[in-house]
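Secondary and tertiary structure notes
Below are the chains, spelled out letter by letter.
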Amino acid sequence: MMNRMMDRAIWALCVVLLSASATATCTSGDCQQGAIAGPYTAAQVAEFTSAAPFPICQSSSCTQGSWTADQIEGIDAQQNIGGQYQFYDTDDYNLDDNIAVGPAVTGKNAQVLEWVNDQYVQAFDKVTGLPIFTFTGGTTAVPHRVEGLWSRSSQPECEGYSSGNVQVIYDRLDNEFVMSRRVIYTNGNGIHEYAWCIAVSSDSDLSSSTTQWYAYEFKMSTVIPCLPSSQNCTTGSFYYYFPDWPRIGTWSNGFYITFDLEDPTKGYSEAGFEACRLDRADIAQGKTSNPMTCYSYLVAPTQGPSLIHSVDVADIDSAAGPPSGEAEHFLSIVNPSNAQQGYKGQKWCTSQTTPCTSNQLALFTWGTKGLTGPALLAVNPYTPGCYNTSKANRETNTYCVPEPSTNTNDIKGYGSGTCGNFATPCLDSLGDRMANRLTYNHLATSGGPNGEFLTASHVVMESASNQRTGIRYYILSVVNGRVSVLVNSGGSAGPPDLQDPNGVLFYLMPSAALDQNGNLGITYTSSGAYCATCQTKNTPAINFDVLPWTATTFAPPTLIVQGAGDQENVDRFGEYAATVIDSSDSLTFYGVGQYYNTSQTGWTNCSLPASNCHTWQTRIFRGKYGTQF
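Before going into details, it helps to say that this report is about the structure given with it. (Residues numbered from 1 in each chain as written. Predicted model: local features only at pLDDT ≥ 70, side-chain atom pairs only at ≥ 80, totals over all residues. Heavy atoms only, no water.)

**Some words on the side chain of Ser289**
With respect to the helices, strands and loops of the structure, Ser289 is situated in the loop between α2 (280-283) and β15 (292-299). For Ser289, a relative accessible area of 7% translates into the label buried. For Ser289, the contacting residues outside a window of four places in its chain are Gln44, Tyr216, Phe218, Asp279, Asp282 and Ile283. (Helix = DSSP H or I, 4+ residues; strand = E, 2+ residues; numbered from the N terminus. Buried < 20%, exposed > 50% of the residue type's maximum accessible area, 1.4 Å probe, protein only. Contact = heavy atoms within 4.5 Å.)

The structure is reproduced here in structure tokens:
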């Protein structure tokens, strides 16, 4: 689970960032120096093959979830999971909801695979919409725990521990589903350690009794740097940086993962990030894997927290992959700060009433020389969603998105509101990071896009008067491995940010993807404050919209589902949603998001049946641009 603290500061403006091999002196007072180190390696613990680990529901009672207007209900909090109570979630409210979509293949079934935090999956038939996983001997389809993919005897960490920030992707190069997760465990000396767990399916058809899963465990103690306070990993209960916000992508020469490096002795403040490459070629076949290889990017402790973190990794979304030898791409925003660097910068940026802005993205690549960067891409200025540097000795936080249950007295302009304190919860916009998925497309069309493209999105502040948020998005062009900005919303020219045209609702939780015709689809959540006169309440809703290729305005938005309740007592509305492209036609968008029909009334004693502590629901939808959803 992502650890974030309210009193966290991100202060230094990034002007000069250096690789480990470079030597230079920062001559400006507005700079933050970063260093790339590595490579580090970690060997696999074991490979374990499990045959048909998820029992397939064959009963006629498996009828819930059929497609209705190209929507199905996904995993919900109060579905029966085969346990004592009909609750999925007893202590967690960060869903990390995401999906992967397999292809339609003659003679096989095809599925949509959904994973919600922190350990349950379900597969849905693409034709019928019916869920297919059950528990052993079950006659009703229910979400399934994933730990059984790993061996209790040879992979005890991956088999014995649940995990957060989970992801599923579909590897188009090998025609397989991929599950990726990080686990946290304590060794015999009481030291917190971490393992990376990855499993891939032997076939695209998850309903086949012959489909196997190849599961791998990598212990991370040899690749995650030691904390400065641990004196070279010799003292304290925390030796290593905490690996947070993990991401995974398929590339021509491996699976690539990224994760934040956070210091648990300093409130899990951001110190940088790490990137690793896994042996996709052997993992895809269930063979012994070569060691994972990793590089770290860290800022000097005196200049932290890092303004660059939560880095997305490119994942192939098109039928064609990258040209041979092309480097993998990584992208993040560059958070803004005041004019001082490091922990000395606990003051406002421009003024106490003027939000601080950034005009850069940070691009890293992994080629023959390993991880290099960042190259700074100039973009239209932005203030990250809810980003607050208005008061001395106070936090930089990203909490300001209201729900109807939010106290309206706490919704104020930049530098004034109390929204964001745990006693008066608003939702976290997650504005200090890229949203889920950096998609890669290699396209060749007649009259449409030709070439290589990356797509990305993040949440930005649209109005300082109430800190209302919207969606900033990009289409980046890749030519001979060099990346440039092709589409950049939010400027005086080109397309606008995706935001509420009425200036009322806050937009958050975006995920963007590109179809083969260059149409950009974005799944997002809308939410707003209490409104006594509104016919439709401002409770969180799942939406989808498309920016057609070369267009400067969006198509009419599609309301996927309007929630009737909200998350009353907790400030995290999940951590990401997902938009993916159907691997069969490269035209159909699939999306998933979270909503409430009954408000979540609490978050303690949630193991009690019918307590309504957790009432979240998820909705999976699909559609093509130009057709009605």
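Moving on, there is more to tell.
**What to know about the sheet that holds strand β31 (residues 588-596)**
Taking strand neighbours across the sheet as the criterion, the 4 strands line up as β3-β32-β31-β30 in an open arrangement whose pairing is antiparallel. Each having just a single partner strand, β3 (71-73) and β30 (578-581) make up the two edges of the open sheet. Across the sheet, the mean angle from the axis of one strand to that of its neighbour is 20°, orientation sign disregarded. The pairing of β3 with strand β32 (residues 616-624) spans 3 bridges and is classified as antiparallel. Looking across to β32, one finds that Ile72 is bridged to Ile620. (Pairing = 2+ DSSP bridges. Axes fitted to C-alpha atoms, helices over the stretch in contact; angles between N-to-C directions.)

**Some thoughts on the side chain of Glu217**
Among the secondary structure elements, Glu217 is positioned in strand β11 (residues 212-219). With no salt bridge to any partner, buried Glu217 finds its closest opposite charge in Lys219, at an N-O distance of 5.0 Å. Sequence-distant contacts of Glu217, defined by excluding residues within four places in its chain, comprise Ala43, Gln44, Val45, Ala46, Gln155, Pro156, Glu157, Cys158, Ala195 and Trp196. (Lys, Arg positive; Asp, Glu negative; His and termini not counted. Salt bridge = Lys/Arg side-chain N within 4 Å of Asp/Glu carboxyl O.)

**What to know about the nonpolar core**
One finds Phe330, Leu331, Leu361, Phe364 and Leu371 to be the most contacted residues of the largest nonpolar core, which totals 36 residues. In terms of residue count, strand β18 (residues 358-367) provides more of this core than any other element does, 5 residues in total. The contact partners of Phe364, leaving out residues within four places of it in the chain, are Ile36, Phe273, Tyr297, Ile308, Glu328, His329, Phe330, Leu371, Thr372, Gly373 and Pro374. Ranked by size, the runner-up nonpolar core spans 34 residues in total, among them Val401, Leu427, Tyr473 and Val487. (Core = buried A, V, L, I, M, F, W, Y, C linked by side-chain atoms within 4.5 Å.)

**Quick notes on the pairing of strand β28 (residues 541-547)**
Summarising burial for β28: 7 of the 7 residues are buried, a large majority. Alignment of strand β27 (residues 520-527) against β28, held across 7 bridges, turns out to be antiparallel. By the bridge assignment, Ser526 is partnered in β28 with Ala541. Here β28 runs beside strand β29 (residues 558-562); their pairing, made up of 4 bridges, is antiparallel. Looking at β29, one finds that Ile542 is bridged to Val561.

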